[in-house]
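Observations on the three-dimensional arrangement
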Amino acid sequence: MSPTFQRIRWRLVWTSILALGLSLGFFYLNQWVYAFSDDQCTWMVERYESQEHGQKVVRRRAVIREILEGGVAEEAGLLEGDELLMIRGQRVNPDRLWEAQTLVNDQPEGRILIYLVRRYDTEKRDYRMLALPVKVAKPFHPTQLIVLLTGLLTWALGLLVVVSSPQRKITRHFYYLGLMALMMPLAVTGFMGNMPGPLQASFGFLSQVVMALAPPLWLHFFLRFPYSFPLRTHRRFLVILYGSFLMVGLLFGLFHLLTAILGKDIFQMLLNRSPLRWVALTYSVAAGVAYIAGLAMFWVGAYKLPDRRRRGLFPALLFSTAILVDLIVFLVLQAQAGQSLAFQRISWCFFTPLPLLPLSFAYAVLRHGFFDVQRALLRWITYFVVLGLTLVAYFSGLAWVFSLWIHAIPTAWVGVLMGVLALPIGWLLRWLLLSLRRLFRRDLNQVRDLLYGSLREGRKGLSETGILSSLKDSLREAYRPQVLLMLPVEQRSILLPAVESNLEDEEAVKAQPCSLRLPMDLLRRARENQELVLGLGPDESEWIREQGDEVRAHVDALEAQILVLLLVDGTPHTVFLLGGKYAELNYGREDRELLREVAIAAGTLLETSVLHRRLLDQGRIEQELQTARRIQESLITYEAPCIPGYQMALRLEPALETGGDLLWVKRRPGGKWLAAVGDVSGKGMAAALYMSQAMALLKFAAQHEDMDFEKILPALDRTLRSLMSARDFLTLVLLEWDESGAYRLARAGHPGALILMGSHREDIRECAPAGRGLGLRPPSAGGWQIHEGVIEPGQWIVMYSDGLTEAMNKRGELYGAARLEEQLIRMRATGSARAACEAIYRDVAAFENQNRDDRTLFILARDA
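Along each chain, residue indices are assigned from 1 in the same order as the chain's sequence is written. Only residues with pLDDT of at least 70 get local features here, since the model is predicted, and only at 80 or more are side-chain atom pairs given and counted; chain-wide, interface and lining totals rely on the full set of residues. Only hydrogens and water are set aside when side-chain values are computed; all heavy atoms of the structure are taken into account.

Each helix corresponds to a stretch of at least 4 residues labelled H or I by DSSP, and each strand to a stretch of at least 2 residues labelled E; elements are numbered beginning at the N terminus. Of the regular secondary structure elements, the protein holds 26 helices and 24 strands. The buried label applies to any residue whose accessible area, calculated with a 1.4 Å probe on protein chains only, is under 20% of its type's maximum; exposed applies above 50%, and partly exposed to all values in between. A buried classification covers 47% of the 864 residues belonging to the protein. Looking at the protein alone, contacts between residues at least 24 apart form 69% of all its contacts between residues at least 6 apart. Accessible surface, the protein as shown: approximately 44,100 Å² in total, 59% of it carbon and sulfur. Contact criterion: two residues are considered in contact whenever any of their non-hydrogen atoms come within 4.5 Å of each other. Per-residue and other accessible areas follow the Shrake-Rupley method at a 1.4 Å probe size, with only the shown protein chains counted as cover for residues.

Put into structure tokens, the structure is as follows:
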């Protein structure tokens, strides 16, 4: 049993029993038990003038106003205009005409009452007294029967819809509308026969409440069906709508209670003598507006549906409009006819089309798939057919046994034999029904075992594809959904597949793939509250309608009912779209709770799989990085060459396995030495790749004697621009010197070189000739200048990367060029370039809390 149905089943039972009891009971009491007798004529009070003692006196008398053609009054010889004096010996008081009417109504059917009337004889020009026997009759009211039949059909259809889909608000609303239609016989009766006062008070009060709740229920229903309008959830509007109608209905119901208790028409008296007349008029107009607005919403909503579903609703649209127009015409004619007996006799004709309204909705529901009740109807019909066939087989078997051995079986044993034979039949029937139930609905424990079993199997391989594929197969086996789609989520978007819809008498229409976005609020609830199973019906997914009617129509065309979301590290990874279950309309609360648990477990398993894949990828990447680092180390100069008369110290520490700093020293064929310190923008593998390309170009330039020093930087700039991306570039400082100490230095956007000429800060000079970085876009003249000089004995030339000077401590302070210069001055006194290099690296490492950038240092010192 669906958990939602289990929760509301007793509400359905007692509301149905209460409404059926009130409606059928009222119909039975009003038509038979307390049906009023009628003389089939109407009376009225007439004023006339008479002379008394020479003065005119205005008096009142009861006069027969209208006589029904072919009725008992006409058969008795009564005429219109006769003055009614006495009935059955009791005087008729014009001021208390209702007492005479009650006397007639209380009589049993067929009783003859003597009417004493005074009739004006035109021939004798005088009044004469006549005693006429009138045989009262109890008329039957077809209108009540038609309204009752309409209510029964609407209630049965609403009950079928809500049983098929109890968790949807629209189906419950349909059921409540059916209940209201079932109780409409209370509202269409103007006179309640000879019912006792308490019954008249109770039914009168209920009739006013029913009439008050019908218009808002009608309007609210068509705000939900067939298209969900935003106003359907507007709390303030609904409170005003239902509250105002209900308050007026309770007020008028109270007047009916007082009328039944006091025996006076309090309601009519107050309407004639107080502002309640305007309240009643406003109430009637508001009810009419609600009915017309509901019908308008029906038309607008129908035209927002796809063409096939709109055509399915077309009969209901036509009948609803025609019946509303028919009832409006009836009200207009009734207002003109007043209490005409002739009109009352034919008034039931206006209500004859009423049963076609629920039948047209039943056609839309059963034939065109609205609310999808076919499978539920098939299930219940199958149950009753099996039950009926079993009972037929049981009684047929008993009849055959008794026909053969009726004389051999004692009479006392017949009952025992029937009971004994009923036991195996009962067990057979139970087995058949349970078998059918397993066919129509899979057991929850079996579904749980299937789903969790697939997760256990998928865990062995730790493969994302294997886990998702296994889960999809288990969902198909467990629920047998009509639609099952597994779609990845990319940047909070789901690409819904194309849908092909075959319409009757038309060519197939294929909709293009459509993107469905998951709102941030929905993902937040999924992460915080584990709301991973989402209904896709119009009344459960306002977030889909907000993305446009096309997206809403595409989701409807897919015929998917729920969405199951799988999260990995709080990020949407995959969704499953499930259509209706086999022989089950919707997924109940237990189904959704189970799917939510499975989604959480699958998400955890996917997180493990993703982590496992990342670890494997990280292992492969680490191997590749180690290989790349060995290649890079083979290109970078790590060992300082031995040059007579010079000391050289150099060091490069990448921040990652591979770096973008460049450190290279090479002797050219002519005997000169070439040293380069550079920095590629960025870090990691890409920077190391560009650095390797720059090293290869430098190596090529150093090996060719015909390439002058001035041509190296322009050649590097042109080549790197074609190799690097638009955002990458290389900064470089290039130094060339010979054994005599003559040097040339060029810079391309890199920090300038430091020249140490003495033991004081004033003896440090920065050499930073102009020049822009290499590989920059757009191409332009680099303006690389060359500084020339001579390294005197005892002087040092220091080249470095910004990874040293931009090292940062915990307080956010930079190491800076000043600290670097202090260390150089302090270590120059030792006369060892290698010691200075090591001391600087130790000092920077102690200063910075972590190595965030590549660090490079080159020191060339000429012996004193």
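Another aspect to go through is the nonpolar core. Put simply, buried Ala, Val, Leu, Ile, Met, Phe, Trp, Tyr and Cys residues joined by side-chain atoms within 4.5 Å make one nonpolar core. Judged by nonpolar contacts, the single largest core of 55 residues is most densely connected at Phe225, Phe298, Leu313 and Phe361. Among the elements that make up this core, the one with the highest residue count is helix α4 (residues 142-164) (eight residues). Setting aside residues no more than four positions away along its own chain, Phe298 makes contact with Phe222, Phe225, Pro226, Leu313, Ala316, Leu317, Ser320 and Phe361.

Quick look at the packing of α4 against helix α5 (residues 169-182) now. Helix packing for two helices is described by the angle between their axes and how far apart those axes are. To define axes, lines are fitted to C-alpha atoms, for helices over the stretch in contact only, and angles between the resulting N-to-C directions are given on a 0 to 180 degree scale. Viewed as axis vectors pointing N to C, α4 and α5 meet at an angle of 160°, and their least axial separation amounts to 7 Å. On the basis of their axis angle, the class for α4 and α5 is roughly antiparallel. As for the relative orientation of α4 and α5, their crossing is left-handed in sense. For the pair α4 and α5, contact is made by Val147, Gly151, Leu152, Thr154, Trp155, Leu157, Gly158, Leu159, Val161 and Val162 and by Thr171, Arg172, Phe174, Tyr175, Leu177, Gly178, Leu179, Ala181 and Leu182, respectively. In this classification, the charged set is Asp, Glu, Lys and Arg, the nonpolar set is Ala, Val, Leu, Ile, Met, Phe, Trp, Tyr, Cys and Pro, and all remaining amino acids, among them Gly, are polar. The residue inventory of the contact of α4 with α5, partitioned by class, reads 13 nonpolar, five polar and one charged. In this scheme, roughly parallel covers angles under 35 degrees and roughly antiparallel covers those over 145, while 65 to 115 is roughly perpendicular and the rest are oblique. Crossings are assigned a handedness: left-handed for a near helix turned anticlockwise from the far helix by less than a right angle, right-handed for a clockwise turn.

Bringing the sheet that holds strand β21 (residues 764-767) into the picture now. Sheets are built from strands that pair by backbone hydrogen bonding, the pairs being arranged parallel or antiparallel. When DSSP finds at least two bridges between two strands, those strands are taken to pair. Across the sheet, five strands lie side by side as β15-β24-β23-β20-β21; this open sheet has antiparallel pairing. Of all strands in the sheet, those with a lone pairing partner are β15 (646-653) and β21, marking the two edges. Going across the sheet, the axis of each strand differs from the next one's by a mean of 15°, ignoring polarity. Examined bridge by bridge, strand β20 (residues 753-756) and β21 share four bridges and lie antiparallel to one another. Bridge assignment links Leu756 to a residue of β21, and that residue is Ile764. Contacts between helix α25 (residues 816-828) and the sheet are confined to β20, β21, β23 (796-800) and β24 (855-862), with β20 contributing the most and set at about 35° to the helix.

A separate point is the pattern of salt bridges. When their charged atoms lie close together, side chains carrying opposite charge are able to pair. Just to be clear on terms, a salt bridge is a Lys or Arg side-chain nitrogen sitting within 4 Å of an Asp or Glu carboxyl oxygen. This structure, assessed with the given rule, holds 26 salt bridges. A salt bridge links Arg61 to Glu83; the shortest N-O distance between them is 3.7 Å. Here Arg61 is found in strand β2 (residues 55-67), whereas its partner Glu83 is found in strand β3 (residues 83-87), with 22 residues between them in sequence. Across the salt bridge formed by Asp82 and Arg119, the nearest N and O atoms sit 2.9 Å from each other. Of this pair, Asp82 sits in the loop between α2 (72-76) and β3 while Arg119 sits in strand β5 (residues 112-121), and the two are 37 residues apart along the sequence. Comparing Asp82 with Arg119, the two get one shared label, buried.

As a further point, take a nonpolar patch on the surface. A surface patch of nonpolar side chains, amounting to about 580 Å² of accessible area, comprises Trp10, Val13, Trp14, Ile17 and Leu18. Residue placement: Leu18 occurs in helix α1 (residues 3-33). Of the residues examined, Leu18 reaches a relative accessible area of 47% and is grouped as partly exposed. Patch construction takes residues with relative accessible area above 30% that form no salt bridge. Like charges are linked within 9 Å, and nonpolar side chains (Val, Leu, Ile, Met, Phe, Trp, Tyr) are linked within 5 Å.

Attention now goes to the pairing of strand β18 (residues 730-737). With eight of eight residues buried, β18 is to be regarded as a mostly interior element. Along β18, one buried face is formed by Leu730, Leu732, Leu734 and Glu736 and the opposite face, lined by Thr731, Val733, Leu735 and Trp737, is buried too. Two strands pair when backbone bridges link them, and strand β17 (residues 673-680) and β18 are joined in this way by eight bridges, in the antiparallel orientation. Bridging from a neighbouring strand, Val677 pairs with Val733 of β18.

If you trace the five strands from one edge of the open sheet to the other, you get β16-β17-β18-β19-β22, paired in antiparallel fashion. Unpaired on one side and paired on the other, β16 (661-667) and β22 (786-790) mark the two borders of the sheet. Each strand axis lies, on average, 15° off the axis of its neighbour in the sheet, ignoring direction. Here helix α23 (residues 709-723) sits on the sheet and contacts β17, β18, β19 (742-748) and β22; the angle it forms with β18, its principal contact strand, is near 160°.

Attention now moves to the environment of Ala280. Mapped onto the secondary structure, Ala280 falls in helix α9 (residues 276-303). For the pair Ala280 and Val248, spaced 32 residues apart in sequence, the C-alpha to C-alpha distance is 8.4 Å.

Mapped onto the elements of the fold, Asp679 is located in strand β17. On the basis of relative accessibility, which here comes to 11%, the residue Asp679 falls in the buried class. Setting aside its immediate chain neighbours within four residues, Asp679 contacts Gly660, Asp661, Phe729, Leu730, Thr731, His750 and Asp802.

The subject of this paragraph is the packing of aromatic side chains. For Phe, Tyr and Trp, rings pair up if their centres lie within 6.5 Å, where Trp contributes its six-membered ring, and each pair is then called stacked (planes under 30 degrees apart), edge-to-face (over 60) or tilted (otherwise). Counted according to the given criterion, the structure contains 25 aromatic pairs. A centroid spacing of 5.4 Å and a plane angle of 85° characterise the contact between Phe174 and Phe221, whose relative ring orientation is edge-to-face. Of this pair, Phe174 sits in helix α5 while Phe221 sits in helix α6 (residues 197-224), and the two are 47 residues apart along the sequence. Pair check on accessibility: Phe174 and Phe221 agree, each one buried. Ring geometry for Phe298 versus Phe361: centroids 5.6 Å apart, planes at 15°, classification stacked. Of this pair, Phe298 sits in helix α9 while Phe361 sits in helix α13 (residues 356-367), and the two are 63 residues apart along the sequence. Each member of the pair, Phe298 as well as Phe361, is classed as buried. Put simply, the rings of Phe174, Trp218, Phe221, Phe222, Phe225, Tyr291, Phe298 and Phe361 pair up and form one aromatic cluster. Consider the ring centre and the ring normal. A charge sits over the ring if Lys NZ or Arg CZ is within 6 Å of that centre and within 35 degrees of that normal. Across the ring face of Tyr48, the terminal group of Arg61 is positioned such that the distance to the ring centre comes to 4.7 Å.

Treat this as a map of the structure, not an account of what it does.
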